Amino acid sequence: MTDLPAFSDIEWRISAGLTPYDQSLAEMEARAAAVAAGEARELVWLLEHPPVYTAGTSADPAELVDPRFPVHQTGRGGKYTYHGPGQRTGYLVLDLTKRGRDVRQFVHALEDWLIAALGRLGVNAFSVDGRVGIWTRDGGPEAKIGAIGVRVRRWVTLHGFAVNIAPDLSHFGGIVPCGLPEFPVTSLFALNGTKSLETFDEALAFSFPAFLKTLDPVRQNEA
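In this numbering scheme, every chain counts its residues from 1 along its sequence in written order. Owing to the predicted nature of the model, reporting of local features is limited to residues with pLDDT of at least 70; listing and counting of side-chain atom pairs is limited to 80 or more, with chain, interface and lining totals taken over all residues. With hydrogens and water excluded, all non-hydrogen atoms of the structure serve as input to the side-chain values.

S.K.: What is the right way to look at helix α4 (residues 197-214) in this model?
M.R.: Residues three or four positions apart in an α-helix share a direction because the helix packs 3.6 residues into each turn. The numbering of helices and of strands both runs from the N terminus, where a helix is a DSSP run of H or I of at least 4 residues and a strand a run of E of at least 2. Expected span of a helix, by definition, is 1.5 Å for each gap between consecutive residues, and there is one gap fewer than residues. Taking 1.5 Å per residue as the helical rise, α4 with its 18 residues ought to reach 26 Å, and the 25 Å between its terminal C-alpha atoms agrees with that figure. Here α4 has its buried residues at L197, F200, D201, A203, L204, S207, F208, F211 and L212. Turning to α4, the residues buried within the fold contact β1 (10-18), β2 (42-48), β6 (87-93), α2 (103-120) and β10 (156-164). Note on classification: 1.4 Å probe, protein chains only; a residue is buried when its accessible area is under 20% of the maximum for its type, exposed when over 50%, partly exposed between these limits. We call two residues contacting when some pair of their heavy atoms lies within 4.5 Å.

Given below as C-alpha cells:
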C-alpha cells in the first residue's frame, strides 16, 4: 500500500496478483459507505482481476456472445466489458461533495487523466463525443484502449476505469465490448510493446494532481 505524499488524505493502493471481482466489489462498496459517513479516507485502488465479464446497467444480453468466463452484474453505468490479467483496473472512491458534485465533469476529468497518462507513454489517446472511454488509432481505425464505467452513491464515486496494458485481446471476443461492434480493442503492448503495469501506474501517479485540480470546485467556479 503506497500513499501519494502530496495527497495524504487519499489512499493510493496497488494490489499485487489477481483480486477476485466479488471481493473487490464488496470492499469498494464498504469503503464508499465509510467515505460517505466521514469514517474513511478516499481511495484510488489499482488492481488486476482474473478473467471476468461484467455487465453494466445498460448491458444487452445479446451482446454476451460467448460467456467463456464468469459474468457479473454490476451497478456501474455502461454495457459489457472484460477484465483480466494484463489490464490495469482502477477503482475510484472519491467524495464529490467536496469536488463539485458534477458527475459529468468527473467523467470528463477521468478521461483526461487517462489520456495524459497514456500520452506520457507515447500513445496519442483521445475521447470521442457520444462514446465514453479512451480511444486511439491502431494502425488506422479507431480502437478502444480504455473503458470507463462509474456509479455515484451519496455523492461518492464507485468503479472507475480499465486500461489495456498487455491483456490477451482475444478474451474480448466473448462480448461486444461496450456495445460497439464496429470498433476493435487494442492495448499498450500492441501499440508500442509496453507491458509493464508499474510503468503505467507511474504515469497515472504523475498525472493525478492535475486530475484533482480539475475537480476543484473553486477552479470550476472560476472557469
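On we go from here.
S.K.: How do you make sense of the pairing of β2 when you look at a structure like this?
M.R.: Two faces make up the sheet, and in a regular strand the side chains alternate between them. In terms of burial, β2 is a largely internal element, seven of the seven residues being buried. Burial along β2 is two-sided: E42, V44, L46 and E48 and L43, W45 and L47, pointing in opposite directions, are all buried. Bridging between β1 and β2 involves six bridges; their strand directions are parallel. In the sheet register, L18 faces β2, and the bridge partner there is E48. The handedness of a crossover follows from its direction of travel: if, with the strands pointing away from the viewer, the path from the first strand over the helix to the second runs clockwise, the crossover is right-handed. A crossover connection joins β1 to the parallel β2 through helix α1 (residues 21-36); in handedness this β-α-β unit is right-handed. Paired strands, as defined in this entry, are two strands with at least two bridges between them according to DSSP. Two strands pair when backbone bridges link them, and β2 and β6 are joined in this way by five bridges, in the antiparallel orientation.

S.K.: I tried to follow the sheet that holds strand β4 (residues 71-73) on my own but got confused; where do I start?
M.R.: Sheet strands associate in pairs through backbone hydrogen bonding, adopting either a parallel or an antiparallel arrangement. Reading across the sheet, the three strands line up as β4-β3-β5 and stay open at both edges, with mixed pairing between neighbours. The open sheet terminates on both sides in strands that have one partner only, identified here as β4 and β5 (80-83). Across the sheet, the mean angle separating the axes of adjacent strands is 30° when strand polarity is ignored. Sheet topology note: the strand β3 (residues 52-55)/β4 ladder contains three bridges and is parallel. Paired with T54 across the two strands is H72, which belongs to β4. Axes, fitted as lines to C-alpha atoms, cover a helix only where it is in contact. Angles between the N-to-C directions of the axes lie from 0 to 180 degrees.

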